[in-house]
Amino acid sequence: MNHTNHHHHHHRRSIRLHRYNYAQNGMYFVTICIQNHLCLLGEIRNHVMVPNNACFMINKWWDKIPGKFSDIILDEFIIMPNHFHAIVINNGSVGADPCVCPITDPCVYPTNTQTNDLSQTHDISQSFGIEGEHMGSPLHRVIQWFKTMTTNEYIRNVKSIGWKPFDVKLWQRNFYEHVIRDFDSYIRIKNYIRDNPVNW
């Protein structure tokens, strides 16, 4: 792991968006970590993520999210040995245009790829009320469903085919997120996700 990144991670300022409605249209950078940072999902070899069967299982459930939550669009993501990064777009109510569309312009590159200050931690049990839920699928409900489905299948495979066991929880209770507000941030985060194995 890159030690400078690790240092910054623990000393960043936490900026909480108190009254932000997470059910509104928008784009988010989401990070979910395996409990105790156990490397259960594969390994990095020569700067490349080498997935195991648990990784493929995680990928399968991630791909099912738009089928379960019709207003959620999945963008760039990567599964790492002990965490998961993704860009998630909430398309809001049915028929509404997203305020922020996925942008794919290969001509524009970020001048700064330092992204350690991008995410804030949330206790998902406390940060979200039910206000505005009709507007879309709030991020926490999507992430909770994903965690539940992946945990249940992982447990079944520990019992039936001997996957490496975990202690109490597969995923950390919190997840990290960052609201992507502009084009530059989107491109920077997309590159950060793609470069994760190289920077491991």
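Residues numbered from 1 in each chain as written. Predicted model: local features only at pLDDT ≥ 70, side-chain atom pairs only at ≥ 80, totals over all residues. Heavy atoms only, no water.

**Description of the nonpolar core**
In terms of nonpolar packing, the biggest core is built from 44 residues, with Leu 41 and Phe 146 touching the most fellow members. With 7 residues, helix α2 (residues 53-68) is the largest single contributor of residues to this core. If near-sequence neighbours (up to four positions away) are discounted, Phe 146 is found in contact with Ile 32, Ile 58, Trp 61, Trp 62, Ile 65, Phe 84 and Trp 171. (Core = buried A, V, L, I, M, F, W, Y, C linked by side-chain atoms within 4.5 Å. Buried < 20%, exposed > 50% of the residue type's maximum accessible area, 1.4 Å probe, protein only. Helix = DSSP H or I, 4+ residues; strand = E, 2+ residues; numbered from the N terminus. Contact = heavy atoms within 4.5 Å.)

**Overview of the packing of α2 against helix α3 (residues 139-161)**
The axes of two packed helices give the description: the angle between them and the distance between them. Running from N to C, α2 and α3 point in directions that differ by 140°, and their axes come no closer than 10 Å. At the point where α2 passes α3, the crossing takes the right-handed sense. In this structure, α2 contributes Ala 54, Met 57, Ile 58, Lys 60, Trp 61, Trp 62, Lys 64, Ile 65 and Lys 68 to the contact, and α3 contributes Val 142, Ile 143, Trp 145, Phe 146, Met 149, Thr 150, Glu 153 and Tyr 154. Of the residues that constitute the contact of α2 with α3, the class distribution is 12 nonpolar, 1 polar and 4 charged. (Axes fitted to C-alpha atoms, helices over the stretch in contact; angles between N-to-C directions. Left-handed = near helix turned anticlockwise from the far one by under 90°. Nonpolar A, V, L, I, M, F, W, Y, C, P; charged D, E, K, R; others polar.)

**Thoughts on the environment of Lys 190**
Mapping Lys 190 onto the fold places it in helix α4 (residues 183-194). Considered as a pair, Lys 190 and His 85 are 105 residues apart in the sequence and their alpha carbons are 9.8 Å apart. When sequence neighbours within four positions are dropped, the list of residues in contact with Lys 190 reads Asp 75, Glu 76 and Ile 87.

**Structural notes on the side chain of Gln 172**
Tracing the chain through its elements places Gln 172 in the loop between α3 and β7 (175-179). Gln 172 sits in the buried class, given a relative accessible area of 13%. Beyond its immediate chain neighbours, meaning those up to four positions away, Gln 172 contacts Cys 33, Ile 34, Gln 35, His 37 and Lys 147.

**Some words on the pairing of β7**
Across the 5 residues of β7, 5 count as buried, placing the element largely inside the fold. Across 4 bridges, the pairing between strand β1 (residues 26-33) and β7 is antiparallel. Note on β7: the bridge partner recorded for Thr 31 is Tyr 176. (Pairing = 2+ DSSP bridges.)

**Focus: the side chain of Glu 153**
With respect to the secondary-structure elements, Glu 153 resides in helix α3. The exposure class assigned to Glu 153 is buried, which follows from its relative accessible area of 14%. A distance of 2.7 Å separates a polar atom in the side chain of Glu 153 from a polar atom in the side chain of Trp 61. (Polar contact = N/O pair within 3.5 Å; in protein donor to acceptor, adjacent residues only side chain to side chain.)

**What to know about the packing of aromatic side chains**
Scanning the model with the defined rule gives 11 aromatic pairs in all. Judged by centre distance (6.0 Å) and plane angle (90°), the rings of Phe 29 and Tyr 192 are edge-to-face. Within this pair, whereas Phe 29 is found in strand β1, its partner Tyr 192 is found in helix α4, the two being separated by 163 residues in sequence. Classification of Phe 29 by relative accessible area gives buried; the value is 2%. Measuring from centroid to centroid gives 5.6 Å for Tyr 154 and Phe 166, while their planes differ by 65°, and the two rings are edge-to-face. You can see Tyr 154 sitting in helix α3 and its partner Phe 166 sitting in the loop between α3 and β7, a full 12 residues away along the chain. Residue Tyr 154 is classed as buried on the basis of its relative accessible area of 1%. (Phe/Tyr/Trp six-rings, centres within 6.5 Å; stacked < 30°, edge-to-face > 60°.)

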